[in-house]
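Residue strings, one per chain:
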Amino acid sequence: MPRSDTLSGAGFGPPPTVTEAITTGRGTGRPRGRGRTGIARLAGFAWVLPALVVLGVFVYLPLVQNVAFSTQEWDIYSGMSEFVGLENYEKLVGDPVFWAALGNNVLYSVLSIVFQVAGALVLAAMIESLRSIRWRKILRAVYFVPSAISLTVAGLLFYFIYEPNLGLLNHLLETLGLGGLAQPWLGQESTAMVAIIAMSQWQGFGYSTLLFAVAIQRIPSELYEAASLDGIGPVRRFFHVTVPLVREMTGLMIIVTISGAFQVFNEVMVMTSGGPNNSTQVLSSWLYRSGFVRNDFGYAAAIATVIFVVTLVIALAQLWYTRRRRVEF
């Protein structure tokens, strides 16, 4: 009769599970071959190759070409080009309109983070705290409706709202006895850019709110119940439970918001075309005017390179910060 310690000794462990047998080769009597692994990797690469080709042709190659164009003085209508090195970038440094456009993009980014990230997170938390599921669904739909409207249509809508004589905004101010505040919102430098940003926040606020609502729904309800049992109020629950556990969504929204703010174009072109007196120019609209109106495509390519570098640096920094503080539950 065999001894029990012989079966439990080295080399006589418990039989492998199905997962172990598949992943480690235990139970097959021979080690898993490396040839199959190499073939599987090549097969996987073959599936990914079409996507890599598309990315290379339509994303990375144009980026390289744009950098090359930014070192040239290029007349697209005659096809004549001349290598000028970094002269287009030197022109950027001395261009006051470029710096004004960059400042408008920065202002756009800051206000977008305030409303489309911080404000949307607060609103989403308020909606998801409602007891009535029906009201939650209704409010999500109501706030999402503006996001379904195209930017061009929203820009034209607010163009008529801001109209100084027949516009709804000035008429509302006069009705409320605040006629002294009525002004040509898009016709003066001090208010034109803020008016455009306000339209953009109205249009994108609901989409950000919906994304945050989805992130909040993923938080286990037990955490909120435990906080309530400990006597923690709704405000402290928001800062100590909701905010930390939606950190990844917050990081993603910051990246998307800043990238969108540095690529904004339709709103400006529809409402002011960069006026009055270039006060509402942003980098994208100044790029368009430099290339297609002033026929200076080398300078336009330099502006595009600046947009790419700024958004890339901000995205990499935010991704690094988010990964260091990833939350799992």
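The structure we're discussing is the one just above.
For clarity, every value in this text was computed on a predicted model and none was experimentally measured.

*Asks:* So what exactly am I meant to see when it comes to the overall build of the protein here?
*Replies:* The helix and strand tally for the protein stands at 15 helices and 2 strands. Taken over 329 residues, the protein has a buried fraction of 33%. If you take every contact in the protein between residues at least 6 apart in sequence, the share linking residues at least 24 apart comes to 65%. Of the accessible surface of the protein, which amounts to about 20500 Å², a share of 67% is contributed by carbon and sulfur atoms.

*Asks:* Teacher, can you tell me more about the packing of aromatic side chains here?
*Replies:* Working definition: an aromatic ring pair is given by the centre-to-centre distance plus the angle between the planes. On inspection of all chains with the given rule, the structure shows 10 aromatic pairs. Ring centres 5.2 Å apart and planes at 80° place the aromatic pair F292 and F297 in the edge-to-face group. Among the aromatic residues, those joined into a ring-pair cluster are F69, W74, F265, Y288, F292 and F297.

*Asks:* Can you help me understand the pairing of strand β1 (residues 72-75) in this one?
*Replies:* If a strand is regular, its side chains alternate between the two faces of the sheet. Note: β1 against strand β2 (residues 80-83), 4 bridges, orientation antiparallel. What sits directly across from D75, in β2, is M80. Linking β1 back to β2 in an antiparallel pair, the connection comprises 4 residues, with G79 at a positive phi of about 80°.

*Asks:* Please explain unusual backbone geometry as it appears in this structure.
*Replies:* Outside of glycine, negative phi angles account for most residues, and trans bonds account for most peptide bonds. Of note, the amide linkage connecting G275 to P276 takes the cis form, showing an omega dihedral of -5°. Relative to the assigned elements, P276 resides in the loop between α13 (266-271) and α14 (283-293). For N278, which is not glycine, the phi torsion reads 60° and is therefore positive. With respect to the helices and strands, N278 occurs in the loop between α13 and α14. The exposure class assigned to N278 is partly exposed, which follows from its relative accessible area of 28%. We note that N295 has phi near 55°; this positive angle belongs to a residue other than glycine. On the secondary structure map, N295 appears in the loop between α14 and α15 (297-324).

Definitions and cut-offs
Residues numbered from 1 in each chain as written. Predicted model: local features only at pLDDT ≥ 70, side-chain atom pairs only at ≥ 80, totals over all residues. Heavy atoms only, no water. Helix = DSSP H or I, 4+ residues; strand = E, 2+ residues; numbered from the N terminus. Buried < 20%, exposed > 50% of the residue type's maximum accessible area, 1.4 Å probe, protein only. Contact = heavy atoms within 4.5 Å. Areas by Shrake-Rupley, 256 points an atom, 1.4 Å probe, with all protein chains shown as cover. Phe/Tyr/Trp six-rings, centres within 6.5 Å; stacked < 30°, edge-to-face > 60°. Pairing = 2+ DSSP bridges.

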